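# Examination of the molecular architecture
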Amino acid sequence: MKKILEVCVDSLASALAAAEGGADRLELCSALVVGGLSPDVALFRQIRAQCSLPVRCLMRPRAGDFLYTSWEIDLLCAQIEALKAAGADGFVIGTLTPEGQLDRSAMQRLLSACDGKPVTLHRCIDVSRDLAETYRAAAELGVDTVLTSGGAANCVEGAARLEELLALRDTLQGPEVLIGAGVNAGVIARLRAAMPGARAFHMSGKTLLESGMHFRRPGVPMGLPGLDEWHIQQTDKTAVQAARQALDRD
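Starting afresh in each chain, residues are numbered from 1 along the sequence in its written order. At least 70 in pLDDT is required for a residue's local features to be given in this predicted model, at least 80 for side-chain atom pairs to be given and counted, and no such filter applies to totals for whole chains, interfaces and linings, which use all residues. To obtain the side-chain values, all non-hydrogen atoms of the structure were used and water was disregarded.

### Observations regarding the pairing of strand β8 (residues 200-203)
Here the term buried applies to any residue with accessible area under 20% of the maximum for its type, exposed to any over 50%, and partly exposed to those in between, with areas from a 1.4 Å probe on protein chains only. Elements are defined by DSSP. Helices are runs of H or I of four residues or more, strands are runs of E of two residues or more, and each kind is numbered from the N terminus. Burial along β8 is two-sided: A200 and H202 facing one way and F201 and M203 facing the other are all buried. Here the rule is simple: two strands pair whenever DSSP picks up at least two bridges between them. One ladder, built from 4 bridges, connects strand β1 (residues 4-9) with β8; its direction is parallel. When the bridges of β8 are listed, I4 appears paired with A200.

### Side note on helix α1 (residues 12-21)
Of the positions making up α1, those classed as buried are L12, S14, A15, A17, A18 and G21. Where α1 is buried, its residues meet β1, β2 (25-28), α2 (41-50), β10 (231-235) and α8 (237-248). G22 sits one or two positions beyond α1 and adopts a positive phi of about 110 degrees. We call two residues contacting when some pair of their heavy atoms lies within 4.5 Å.

### Concerning the environment of S11
Within the secondary structure, S11 is located in the loop between β1 and α1. Beyond its immediate stretch of four places on either side in the chain, S11 contacts L43 and I47. A distance of 3.1 Å separates a polar atom in the side chain of S11 from the backbone nitrogen of S14. N or O atoms closer than or at 3.5 Å make up a polar contact, with two conditions inside protein: a donor-capable atom paired with an acceptor-capable one, and, for residues adjacent in sequence, both atoms drawn from side chains.

### Things to note about the pattern of salt bridges
Think of it this way: side chains of opposite charge can pair up when their charged atoms draw near. Whenever a carboxyl oxygen of Asp or Glu lies within 4 Å of a side-chain nitrogen of Lys or Arg, that contact is scored as a salt bridge. Within this structure, the stated rule accounts for 17 salt bridges. Residue R62 is joined to E72 by a salt bridge in which the shortest nitrogen-to-oxygen separation is 2.6 Å. Of this pair, R62 sits in the loop between β3 (55-58) and α3 (70-86) while E72 sits in helix α3, and the two are 10 residues apart along the sequence. On the basis of relative accessible area, E72 is assigned to the buried category, the value being 16%. By sharing partners, the salt bridges in this structure join K2, D24, R244 and D248 into a single network.

### Some points on a nonpolar patch on the surface
Patches in this entry comprise residues that are over 30% relatively accessible and not in a salt bridge; like charges within 9 Å are linked, as are nonpolar side chains (Val, Leu, Ile, Met, Phe, Trp, Tyr) within 5 Å. Surface accessibility follows the Shrake-Rupley procedure with a 1.4 Å probe radius. Residue values consider only the protein chains on display as shielding. Together, V33, V34, L224 and L227 make up an exposed nonpolar region whose accessible area comes to about 350 Å². Its location among the elements puts V33 in the loop between β2 and α2. Take V33: its relative accessible area is 49%, and that puts it in the partly exposed class.

### So, the environment of A139
You can see A139 is positioned in helix α5 (residues 131-141). Considering only alpha carbons, one finds A139 and L121, 18 residues apart in sequence, at a separation of 9.7 Å.

### A few points about the packing of α1 against α2
Where helices are involved, their axes are fitted lines through C-alpha atoms of the stretch in contact, as for all axes, and angles between N-to-C directions lie from 0 to 180°. Axis separation between α1 and α2 bottoms out at 10 Å; the angle between their running directions is 35 degrees. Crossing hand, α1 versus α2: right-handed. Contacts between α1 and α2 pair L12, A15 and L16 from the former with L43, Q46, I47 and Q50 from the latter. Class assignment of the residues belonging to the contact of α1 with α2 gives a composition of 5 nonpolar, 2 polar and no charged. Handedness of a crossing follows from how the near helix is turned relative to the far one, being left-handed for an anticlockwise turn of less than a right angle and right-handed for a clockwise one. Amino acids are sorted into nonpolar (Ala, Val, Leu, Ile, Met, Phe, Trp, Tyr, Cys and Pro), charged (Asp, Glu, Lys and Arg) and polar (every other residue, Gly among them).

Now the structure itself:
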């Protein structure tokens, strides 16, 4: 099976760095600093004009939990329709019930809007009640990829559950297990040595770029107090290159 390196980006600069570094696919979002929100259509078009990699768009209406109102599902469906019309290759979706199970009804609405485009279940699985149950539900819905850290803060801590999900993937011939959260070249090498079936990884490869602002007024946050507004997160081409090499190494 094909090895996959997906890079999560929220700007044209990051998309170009990911492509130059050897990524197979982009996950496009906005506001990566809060875990990613739905991207703007204009940003998608800007990237599509200059980057030939397949792009799956993260559909998330806000930060926080994955329990969405009917209005939020309406919004997501409208956003999917707009991005689909602009040429998005696929989508990254997920919504849970109050009890922590995959919300099949809401998922069906989102999948209908995706209209047959490839779909990834995002890391809502990692805060669901039962990861295996959620994976099975995603498989039954026709999702082709599940992005997960193994229900942990990062994929190294979640390695035991990732191994279980990889085994379930092989048993069911189910969705690809896309390993994310804390991924870099060293982590890829470590997990592939421990789990030869691990073949798909998701990373951002972020580095912090110093702001070009010379004048900086202190004590005036634009968002969350304490958020660093004098550095910009951007994908580092060399981090992606190193990850690519680690993934391709036999």
